[in-house]
Amino acid sequence: MPPFPAATTASTTSHLALLVLLSSSSLFFLYKSLRLRRKPSPAPALARTATPTLLYASATGTSKTLAEHLSARLTADAGFPVRASDAATFDPDDLPSVPLLLLVIPTHDGGAPPPSAAFLSRWLEESAADFRAGALLLSGLRFAVFGVGSRAYGETFNAAAKSFSRWLRALGAVEVVPFGEGDMDGGDLEAVFEEWSRRVLRVVKGEEVGYGANEKSNGLDELELEGEDWDDDDEEEMVDGEVDMEDIAGKAPARRKNGNLEGVVANGVQNGVKDMVTPIIRTSLEKQGYKIIGSHSGVKICRWTKSQLRGRGGCYKHSFYGIESHRCMEATPSLACANKCVFCWRHHTNPVGKSWKWKMDDPLDIVNAAIDQHTKMVKQMKGVPGVKPEKLEEGLSPRHCALSLVGEPIMYPEINALVDELHRRHISTFLVTNAQFPEKIKALKPITQLYVSVDAATKESLKAVDRPLFSDFWERFLDSLKSLHEKDQRTVYRLTLVKGWNAEEIDAYAKLLDLGQPDFIEIKGVTYCGSSATSKLTMENVPWHSDVKEFSEVLASKSGGVYEVACEHAHSCCVLLAKVDKFKINGKWHTWIDYDRFHELVTSGKPFKSRDYMAMTPSWAVYGAEEGGFDPDQSRFKKERRHGTAAHKSLS
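- The protein has the name tRNA 4-demethylwyosine synthase (AdoMet-dependent) in an unreviewed UniProt entry, where Sorghum bicolor is given as its organism.
- A UniProt comment under Sequence similarities (unreviewed entry) is attached to the protein, and it reads "Belongs to the TYW1 family."
- Under Cofactor (unreviewed entry), UniProt gives the following word-for-word description of the protein: "[4Fe-4S] cluster".

Okay, here's the thing in structure tokens:
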């Protein structure tokens, strides 16, 4: 047979190479398809000497706390000196030599893992997508994953942890304990984690071989579930989309019914009624200085309260409205919120939710406990250098309550009864709502001053800044502004300027003024609270007071003379716009409040308007005054830092 011509030989060779490549690829995908569709086989038992690697990624500290708890249990009960380590310190190239990997992973912004787990996440994702890595790369690895998230976020609930589980299985690793799902706002996070940990402990101690053929994980992705031949009994494991933890961890206290534990008292859950504040959330908030009241409320002493107790000045509310900061109590009847704002300085450790689903405390008990806790914190200021005895005595009788501490106070079903109780004690009220509950605004009784947070002026930026739970957040936002317009008492738009996020939307902000037609517009520069895994803000996002002033002046001009810049508080980087026809009388601003008159009007039970309880603004608080909004009767102190040491200088 004559030899092939050279050109033909080269062509045939290339075709053969292509055929081999296609065949290899087809075999690979056929193997993957068969592997994904088969029932999971039991994992081989771990060697008793195999020490687990325990990693966590933490945004708020919850996952770290859980991991450290598991570490202590493994060390004490299984005899393994297991140390919980941050995922950021782990080299993914070491995975093939790890016998057992335990992961506690929360879900961060938009379903992504926290920054500390970003490198490990990227390594796993890229390896799982790379056909060269293959499904045998981590065939010697056994693993278990526990996700920490909030079911209120819908499809992104524990999305990051589920991705870790999926990638590890794609690389040949065997999941020896079914995927654990912790809901921070569900009230049973600790109980679910405890049951998952107990199963992990049994695997580590060799008491069971691991995730078996008659079990399945709710972390499996849709592709894997679609073609699997599950037993009929497996259907009973799923109740309301959750794996029944009794089937996962042996004997649980009770079965689930409608998503809640029935007939048990555990971690604040009894007959389906949950405490809003779980033990982990309570611990985190208490570390930040909050005093938790009952099951869903809180109070905290403000730095401005401490400042005015020492005669060192009050906050912007003192300059704008005549609030005595040393007699002001910061509280909330609902620690839960429907947003996760990027600038929130509460570190996102509070719960989230779209409706009230928790046990409810009595409003009278909340008010009594809030005043009691507040006065105790004021008493602790006794003996602090600079605290004035007469101010301390006054501070023990709060005359104002700022319902803006954290969360969404208007969510509390008995908010009207709580406000009535405060007014009955001659305690005035400022309430801040996050513009997601317009129907609650409509139903709210008269309060001293009602705020709506206007954190952005377009749908896109509001979603980016507030990170709301509701899918119809924009419609709710607009309806909230319209509901504000229906109120006869003092109303406020609160704008928090964040450079690069919303500070450039001045024209869009101007268009929103007609919807709510508020009495006042507070414009404040965002406060930088340091680096945090829960926020992307840096000092570059913080505007100067000059930036806030410029923004305020331009916004006032765009109102067509309806609003003018009335007051400022330079220390807080805050400016106040007020309606000219209401609050500027004979050339003098009247933004302050006659609090005695307000209480007379409330007691009368007759309708009244914001004009009926206003008072004249002192000259030092007016915009452009030399004092910059600082009360001249106070003595201002500044810290001067030199070479790491601090000295206080009186500027009185």
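Further notes follow.
## Quick notes on the overall build of the protein
Inference 1: Each helix and strand in the protein was counted, giving 20 helices and 29 strands.
Inference 2: For the protein, buried positions account for 55% of its 652 residues.
Inference 3: Relative to all contacts within the protein whose residues are 6 or more apart in sequence, the contacts with residues 24 or more apart total 73%.
Inference 4: As displayed, the protein offers around 29000 Å² of accessible surface, 52% of which is attributable to carbon and sulfur atoms.

## Here's the deal with the packing of aromatic side chains
Inference 1: Evaluated as defined, the whole model comprises 19 aromatic pairs.
Inference 2: Where F146 meets F193, the ring centres are 4.9 Å apart and the plane angle is 80 degrees; that geometry is what we call edge-to-face. Remark: F193 occurs in helix α5 (residues 189–204) and F146 occurs in strand β4 (residues 142–149); sequence separation between them is 47 residues. Across the pair, F193 and F146 agree in class, each one buried.
Inference 3: Centre to centre, the rings of F164 and W167 are 5.9 Å apart; their planes meet at 50 degrees, and the pair counts as tilted. With F164 and W167 both in helix α4 (residues 159–170) and 3 residues apart, the pair spans about one turn of that helix.
Inference 4: For F164, a relative accessible area of 0% gives the class buried.
Inference 5: Clustering of aromatic rings is evident, with ring pairs tying together Y316, F320, Y321, F430, Y451, F520 and F583.
Inference 6: Here R494 stacks its cationic end above the ring of Y451, 4.7 Å away from the centre of that ring.

## What to know about the packing of helix α17 (residues 506–516) against helix α18 (residues 545–558)
Inference 1: The N-to-C vectors of α17 and α18 enclose an angle of 50 degrees; their axes lie 10 Å apart at closest approach. Put simply, α17 runs oblique to α18. You can see that α17 and α18 cross each other, and the crossing is right-handed. Between α17, through I506, D507, Y509, A510 and L513, and α18, the contact on the second element is made entirely by F551, V554, L555 and K558.
Inference 2: The class makeup of the residues in the contact of α17 with α18 is 7 nonpolar, no polar and 2 charged.

## What about the pairing of strand β17 (residues 400–403)?
Inference 1: Side-chain alternation along β17 places H400 and A402 on one buried face and C401 and L403 on a second face that is also buried.
Inference 2: One ladder, built from 4 bridges, connects strand β16 (residues 328–332) with β17; its direction is parallel. Of the residues in β17, the one forming a bridge with E330 is A402.
Inference 3: Sheet analysis places β17 next to strand β18 (residues 428–433), joined by 4 bridges and oriented parallel. Opposite H400, over in β18, you have S428 as the bridge partner.
Inference 4: Considered for its hand, the β-α-β crossover made up of β17, helix α13 (residues 415–424) and β18 is right-handed.

## A closer look at the sheet that holds strand β22 (residues 563–569)
Inference 1: Strand order in the open sheet made by the 10 strands is β14-β15-β16-β17-β18-β19-β20-β21-β23-β22, with mixed pairing throughout. The open sheet has two edge strands with one neighbour each: β14 (291–293) and β22. On average, each strand axis in the sheet is inclined to that of its neighbour by 25 degrees, with strand direction left out of account.
Inference 2: Seen against the sheet, helix α11 (residues 363–379) touches β14, β15 (297–300) and β16 and runs at an angle of roughly 25 degrees to β15.

## Considerations on α5
Inference 1: For α5, which comprises 16 residues, the first-to-last C-alpha distance of 22 Å matches the rise-based estimate of 22 Å (1.5 Å per residue) to within 8%.
Inference 2: Of all 16 residues in α5, 13 are buried; the element is thus mostly enclosed.
Inference 3: Immediately beyond the C-terminal end of α5, within one or two residues, lies G206, with a positive phi of roughly 80 degrees.

## Topic: the environment of Q308
Inference 1: Mapped onto the secondary structure, Q308 falls in helix α9 (residues 303–309).
Inference 2: A relative accessible area of 3% means that Q308 is categorised as buried.
Inference 3: Residues Q308 and Q634, 326 residues apart in the sequence, show an inter-C-alpha distance of 8.0 Å.
Inference 4: Apart from residues no more than four positions distant in its own chain, Q308 is found in contact with G313, G314, H318, E324, S325, H326, K391 and Q634.
Inference 5: Within the local environment of Q308, its side chain forms a polar contact with the backbone nitrogen of S325, the two atoms lying 2.7 Å apart.

What counts as what
Residues numbered from 1 in each chain as written. Predicted model: local features only at pLDDT ≥ 70, side-chain atom pairs only at ≥ 80, totals over all residues. Heavy atoms only, no water. UniProt positions renumbered as here; feature names shortened; annotations may be inferred. Helix = DSSP H or I, 4+ residues; strand = E, 2+ residues; numbered from the N terminus. Buried < 20%, exposed > 50% of the residue type's maximum accessible area, 1.4 Å probe, protein only. Contact = heavy atoms within 4.5 Å. Areas by Shrake-Rupley, 256 points an atom, 1.4 Å probe, with all protein chains shown as cover. Phe/Tyr/Trp six-rings, centres within 6.5 Å; stacked < 30°, edge-to-face > 60°. Lys NZ or Arg CZ within 6 Å of the ring centre and 35° of its normal. Axes fitted to C-alpha atoms, helices over the stretch in contact; angles between N-to-C directions. Parallel < 35°, antiparallel > 145°, perpendicular 65-115°, else oblique. Left-handed = near helix turned anticlockwise from the far one by under 90°. Nonpolar A, V, L, I, M, F, W, Y, C, P; charged D, E, K, R; others polar. Pairing = 2+ DSSP bridges. Right-handed = clockwise from strand over helix to strand, strands pointing away. Expected span 1.5 Å × (residues − 1). Polar contact = N/O pair within 3.5 Å; in protein donor to acceptor, adjacent residues only side chain to side chain.

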